[in-house]
Every structure is written in structure tokens, then in C-alpha cells.
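Secondary and tertiary structure notes
In case you want the letters, here they are:
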Amino acid sequence: MTAQNFAPALARVLVHEGGYANHPQDPGGATMKGVTQRVYDAYRTRRNLTKRSVASIEEADLQAIYRRQYWDAVKGDKLPAGVDYVAMDGAVHSGPSQSAKWLQRALGNVKVDDVIGEARLAAVEAHPDHDQLIALMIGRRLAFLEALRTWPVFGRGWASRVAQVKQIGQAWATGSIGPQPAFFLGGNAKATIDQAKPLPAKGPADATMPR
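What counts and what doesn't
Residues numbered from 1 in each chain as written. Predicted model: local features only at pLDDT ≥ 70, side-chain atom pairs only at ≥ 80, totals over all residues. Heavy atoms only, no water. Helix = DSSP H or I, 4+ residues; strand = E, 2+ residues; numbered from the N terminus. Buried < 20%, exposed > 50% of the residue type's maximum accessible area, 1.4 Å probe, protein only. Areas by Shrake-Rupley, 256 points an atom, 1.4 Å probe, with all protein chains shown as cover. Salt bridge = Lys/Arg side-chain N within 4 Å of Asp/Glu carboxyl O. Axes fitted to C-alpha atoms, helices over the stretch in contact; angles between N-to-C directions. Parallel < 35°, antiparallel > 145°, perpendicular 65-115°, else oblique. Left-handed = near helix turned anticlockwise from the far one by under 90°. Contact = heavy atoms within 4.5 Å. pLDDT = per-residue confidence, 0-100. Core = buried A, V, L, I, M, F, W, Y, C linked by side-chain atoms within 4.5 Å. Lys, Arg positive; Asp, Glu negative; His and termini not counted. Polar contact = N/O pair within 3.5 Å; in protein donor to acceptor, adjacent residues only side chain to side chain. 1 Å grid on protein atoms, 1.4 Å probe; cavity = no way out; pocket = protein on both sides within 12 Å on 5 of 7 lines; lining within 4 Å. Points joined across faces, edges and corners; volume = space filled by probe spheres on them. Nonpolar A, V, L, I, M, F, W, Y, C, P; charged D, E, K, R; others polar.

Of the regular secondary structure elements, the protein holds nine helices and three strands. Secondary structure of the protein in N-to-C order comes out as α-β-β-β-α-α-α-α-α-α-α-α. Of all 211 residues assigned to the protein, the portion counted as buried reaches 46%. Of the roughly 10,400 Å² of accessible surface on the protein, a fraction of 56% belongs to carbon and sulfur atoms.

On to unusual backbone geometry. A positive phi angle, near 55°, is found at K33, a position not held by glycine. By secondary structure assignment, the location of K33 is in the loop between strand 2 (31-32) and strand 3 (35-36). A relative accessible area of 30% places K33 in the partly exposed class.

As a further point, take the pattern of salt bridges. Applying the stated rule across the entire model yields seven salt bridges. Taken together, the shared-partner salt bridges connect E17, D89, R141, R161 and K190 into one network.

Attention now moves to the packing of helix 4 (residues 83-94) against helix 5 (residues 96-107). Where helix 4 meets helix 5, the axes come as close as 7 Å, and the angle between the chain directions of the two elements is 140°. Between helix 4 and helix 5, the angle is such that the two are oblique. Read as a crossing pair, helix 4 and helix 5 show a hand that is right-handed. Across from V83, V86, A87, G90, A91 and S94 in helix 4, the residues of helix 5 making contact are P96, Q98, S99, W102 and L103.

Next up on the list: the confidence of the model for the protein. Looking at the protein, pLDDT values average 87 and 86% of them are 70 or higher. In the model of the protein, helix 9 (residues 204-208) stands out as the element of lowest mean pLDDT, 47, in contrast to helix 4, which has the highest, 96. Note on residues 204-211: pLDDT under 50 across the span, and two contacts to partners over four residues away in sequence or across chains.

Moving on, we come to the nonpolar core. V35, Y66, M88 and L103 are the most contacted members of the largest nonpolar core, which has 50 residues in total. Secondary structure elements with two or more residues in this core: helix 1 (6-17), helix 2 (37-46), helix 3 (59-71), helix 4, helix 5, helix 6 (118-126), helix 7 (130-146) and helix 8 (151-173). At seven residues, the largest contribution of residues to this core is made by helix 4. Not counting residues within four places of it along the chain, the set of residues in contact with L103 comprises L79, V83, I116, V124, L133 and M137.

So, on to the environment of A163. With respect to the helices, strands and loops of the structure, A163 is situated in helix 8. Linking A163 and G139, residues 24 residues apart in sequence, is a C-alpha distance of 9.8 Å.

Our next topic: the side chain of D26. Here D26 shows up in the loop between strand 1 (20-21) and strand 2. It is K190 that comes nearest to the buried, bridge-free D26 among opposite-charge side chains, at 6.9 Å. Looking at D26, its side chain comes within polar contact range of the main-chain nitrogen of K190, at 3.0 Å. Setting aside residues up to four positions removed in sequence, D26 forms contacts with T31, F154, N188, A189 and K190.

This paragraph deals with empty space enclosed by the protein. Summed over all chains, the structure comprises one cavity of 30 Å³ or more. Taken as a whole, the largest cavity spans an internal volume of roughly 40 Å³. If you go around the largest cavity, the residues you meet are V86, A87, G90, S99, W102, M137 and R141. Secondary structure elements with two or more residues in the lining of the largest cavity: helix 4, helix 5 and helix 7. In terms of residue count, the dominant contributor to the lining of the largest cavity is helix 4 (three residues). Each residue belonging to the lining of the largest cavity can be placed in one class, and the counts come to four nonpolar, two polar and one charged.

This is how it looks when you write it as C-alpha cells:
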């Protein structure tokens, strides 16, 4: 539906991702323009190429990784304008499966797993208000980020990024022109499920509560 949105969506994602980073508290490790060393190593290994620093990634490889690893993973070509960008940015930031779950939970009437299949695509297309759908996706994403143990370190950058993603996504969904995002320090740190805080232990009162 919106295959032409890949290039502008990627341009906005890259503004948030910045250049080379290797923050000691970023679980993504060494990262260049949003591509982690692990992802780059896997990409080169599949092509029988020797491994090298992600800081040296070439533009063609960057484009190929983003399209296959993130845009295609969330079915960007088949999502409506605005929703496609929001789903892609979430995939880059926290992984495609997590972004898929935010979309599914925002829909509210589909099974939640880590795949955006035909039933989910049909539900998105039938949704009466894509601006509202984007707001719900962003709300789920922000709640996820706030629950991570690295929120105190990267929370300010993440919150700024998510707010701008919402603004641009809704602008695209309504046919207007979205603003250019600005880079915020910490907004490019990866936010993955393995950073989740441990659940509190059940107290005696919890044990007696009905399930």
C-alpha cells in the first residue's frame, strides 16, 4: 500500500538513531545509525563476507538491513501511511516482534503474538481512525519503555523520540506534512524486553487473591 514510504520513514528513523554510539549501558552495544554490531555481523556472515566494525557500514548495506530487518518485518509496504512509519521506528528501537505486539494490542480485537499477518493487516485497514490507532500504539510503547530498568538513563531521549514519532505518524496518517525530528542524546539506545525490571515477589495477601 505504501511502499514509497520506506525512504522517508528511514530518513526520520536515522535522525533519531544518530551516528556511531557505544554507550556502556546500551544493551545494543556498538551501533552505527541504528544498526548494531551483532546485526551487521549476521548480515555480512550470510553473504560470506568477513566481519568488520559497524562504524564502517556502507550506505547500500544500511538500506538493505533496514528494509529487510525492520520495514519488511513489520509489513511496512502493506500498512497505511503513518502506521507504517510508527511500526518501523518501534521495530528499530525495540525489535520487530515487540513493535508487532504494540500494534496488535492497539487494535484490541486480534490475537497478540509477534507476527503481523493478513488478519492483522485487514484489521488495521478496517480501523476507522488511524490517528487514534497510532496514539494507542505509542501509549503502549511508552509504557513499555517506562518499565525498563534503563529508563532513568535514557528516558528523556526515549520520551522525546516517541513524542515526535507520534506527531509525524499522525501527520502522515491525516495527509499533512510532519515535522523534522531532532536528535536527543540517549534516544537511540536500544530498548529491548530483556531490560524489563523483575516482577515483585508475591506477598501473603497476593496468594489469597482469586485469579
